[in-house]
Amino acid sequence: MKLLLFLLTLTTGLDTSPDKLSTLRLGTVRGVRSLQRVPRWKRERRTEHSSRSERKRRDSFGMFDGYDSCSEDTSSSSSSEESEEEVAPLPSNLPIIKNNGQVYTYPDGKSGMATCEMCGMVGVRDAFYSKTKRFCSVSCSRSYSSNSKKASILARLQVTGKPPTKKAKVLQKQPLVAKLAAYAQYQATLQNQAKTKAAVSMEGFSWGNYINSNSFIAAPVTCFKHAPMGTCWGDISENVRVEVPNTDCSLPTKVFWIAGIVKLAGYNALLRYEGFENDSALDFWCNICGSDIHPVGWCAASGKPLVPPRTIQHKYTNWKAFLVKRLTGAKTLPPDFSQKVSESMQYPFKPCMRVEVVDKRHLCRTRVAVVESIIGGRLRLVYEESEDRTDDFWCHMHSPLIHHIGWSRSIGHRFKRSDITKKQDGHFDTPPHLFAKVKEVDQSGEWFKEGMKLEAIDPLNLSTICVATIRKVLADGFLMIGIDGSEAADGSDWFCYHATSPSIFPVGFCEINMIELTPPRGYTKLPFKWFDYLRETGSIAAPVKLFNKDVPNHGFRVGMKLEAVDLMEPRLICVATVTRIIHRLLRIHFDGWEEEYDQWVDCESPDLYPVGWCQLTGYQLQPPASQSSRENQSASSKQKKKAKSQQYKGHKKMTTLQLKEELLDGEDYNFLQGASDQESNGSANFYIKQEP
């Protein structure tokens, strides 16, 4: 409607007062030329103003009710008492796009015109409703109050919490088993490492330059349902027109111009000012959800000036005709686009909420943690007994690793009792309904049993899919899984997956989909054959029918760029690429790193984000590893691989000893099974042939 109104005013100079709106609604965008013009006597009547008002109109170079391309003498600046700010003298050669004889001032609440704060309609201020003249009608006033529009606008793009304050380091990446083994030493030497290791700097990295120089494509926003605007992105695409600040201008006042989208990359758009045709000299990248991007017609409704870029200001003699021709039938952003962006960035989780989260030092159990901050839906959780609040864990609010207080007890999951027996002041339990619910399953019939074999992504090395065994069946469809050949005797390295988890697969999944399956550590009969292994171990495979086979139409394609969490160091979000797609399973490669650090991730994982997400939310993005980092990485690659086995053994000894000590202290509990269905992990399964 705003675009239609904008085009109508360009062509006809029609009054936009409330009594004319019903007439405007009858037309279509392509039919603007067929509407009758306002009679000459009405236009002449509008131009009967005082000389001071005329000077003010000429000095105000906004395109509000129509376009004229001409050069006027604007050497005198307005000093009217009705205006709050003076407009600097404009160059005489600047094309001024004037009002059609109507005095129009910025909506300053004192004189001239006013803009309705509810519907955005512009009209004569004296005709507006109430003493404050904020609304055009009683209905708008009531709607504004009932919808709490004011609160929504004031909360625009509000992000709770702060991004990591320390510059992220280029880590010598390694499987988490090695990190766990050296966790105590890592904590003690963290400050020294921060001083000795070079920090990754975002200076010089630009998504726009990175994509343009390599002809990359980015995954569309619609692939990320958990991200802002992921479910309401609509048909925003190339050739959509928007109003943006005009940076090719020497005026002291902030002015705008119309631009078209040339290319989309996630939230980022390559824009080109109208009038440049095929000239890309002044093309620029910006975040389409930014506060300076508006639908066509916003300037007219908000009283903002539209001025052509200086480079092309003399290219056309009639800007009015040019813009009408270019904008007729064109698409623009929805009028409530900025409101939708703001609403999609409001998160139900708040600081001081208590949750149960996986213990990063013992994956077999959970601990109580407190929400410290929220950035773009990502939570920085601090374990409750951390005195200096540095023992933290990052995850998304929809992560399958967090649950409501009492979840572990309800399903029979192992839980570490906190040393804090009483809640700290201000801390409160997160309501259970805020956690995404998993798919309900029927465990009464044929179901998973202890000892059944399957294939699973190793949570300690996400680049591999391993031979695994169901070690314990919990309530509500949850399973405790162990990696064959790598388990501690006391089960301290078991991990919890739901039966619908995208990280577990039936026997034979890797072979059918030509993925390398990691055999049990120490297994010598290679190549690995499932039939022989099942016979040797006297075990059976989990029935294929128990795995969910739903595959969503996710929209990802090989080669697409995105921003992805490094799950081995979950506080880091890196530049990444989709390198392989197996049904709903994605192989994520971190640009600049070796393939051994790739990660298998589900297409609906909340740890994947569109290009531009970090910029939108204020989170720090890790750019591709530099050439020097790769050289150092290659030099130490052999040494790291050689040390992995010893590190792994050290990890096993340490975790077993620690767990036994904690059991003696009575800190670790194994609850009886109850009932709960709180866990978020999208169902992910694949079409697999049933072997006879």
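Let me sum up the structure you'll find in this document. Because the structure is a prediction, the values reported are computed rather than measured. (Residues numbered from 1 in each chain as written. Predicted model: local features only at pLDDT ≥ 70, side-chain atom pairs only at ≥ 80, totals over all residues. Heavy atoms only, no water.)

### A short note on the sheet that holds strand 5 (residues 256-265)
Part 1 of the reasoning: Strands sit in the order 7-6-5-4-8 across an open sheet of 5 strands; the sheet is antiparallel. Both edges of this open sheet fall to strand 7 (284-287) and strand 8 (294-295), since each of them pairs with a single strand only.
Part 2 of the reasoning: Strand direction decides the pairing type here: strand 4 (residues 241-245) and strand 8, joined by 2 bridges, are antiparallel. Pairing of Val 242 across the sheet is with Pro 295, part of strand 8.
Part 3 of the reasoning: Against the sheet, helix 10 (residues 207-214) contacts strand 5, strand 6 (268-273) and strand 7, and its axis sits at roughly 55° relative to strand 5. (Pairing = 2+ DSSP bridges. Helix = DSSP H or I, 4+ residues; strand = E, 2+ residues; numbered from the N terminus. Contact = heavy atoms within 4.5 Å. Axes fitted to C-alpha atoms, helices over the stretch in contact; angles between N-to-C directions.)

### Observations concerning helix 13 (residues 337-344)
Part 1 of the reasoning: Those residues of helix 13 that sit buried are Phe 337, Val 341 and Ser 342. For helix 13, the angular spread of the buried residues around the axis is 140°, confining them to a single face. (Buried < 20%, exposed > 50% of the residue type's maximum accessible area, 1.4 Å probe, protein only. Arc of directions from axis to C-beta.)

### Details of the pairing of strand 10 (residues 362-375)
Part 1 of the reasoning: Strand 10 sits mainly inside the fold: 13 of its 14 residues count as buried.
Part 2 of the reasoning: Alignment of strand 9 (residues 353-359) against strand 10, held across 6 bridges, turns out to be antiparallel. When the sheet's bridge partners are listed, Arg 354 is paired in strand 10 with Val 370.
Part 3 of the reasoning: Connecting strand 9 to the antiparallel partner strand 10 that follows it, the hairpin turn spans 2 residues.
Part 4 of the reasoning: Sheet topology places strand 10 next to strand 11 (residues 378-383); 6 bridges connect them, and they run antiparallel. Note that in strand 11 the partner of Ile 374 across the bridge is Leu 379.
Part 5 of the reasoning: Adjacent in sequence and paired antiparallel, strand 10 and strand 11 are bridged by 2 residues, among which Gly 376 carries a positive phi angle near 60°.

### Looking at unusual backbone geometry
Glycine aside, the phi torsion of most residues is negative, and most peptide linkages are trans.
Part 1 of the reasoning: Cis geometry is found at the peptide bond from Leu 526 to Pro 527, where omega equals 0°.
Part 2 of the reasoning: By secondary structure assignment, the location of Pro 527 is in the loop between strand 21 (517-518) and helix 16 (530-537).
Part 3 of the reasoning: Here Asn 239, not a glycine, exhibits a phi torsion of approximately 80°, which is positive.
Part 4 of the reasoning: Relative to the helices and strands, Asn 239 resides in the loop between strand 3 (217-218) and strand 4.
Part 5 of the reasoning: Owing to a relative accessible area of 54%, Asn 239 belongs among the exposed residues under this scheme.

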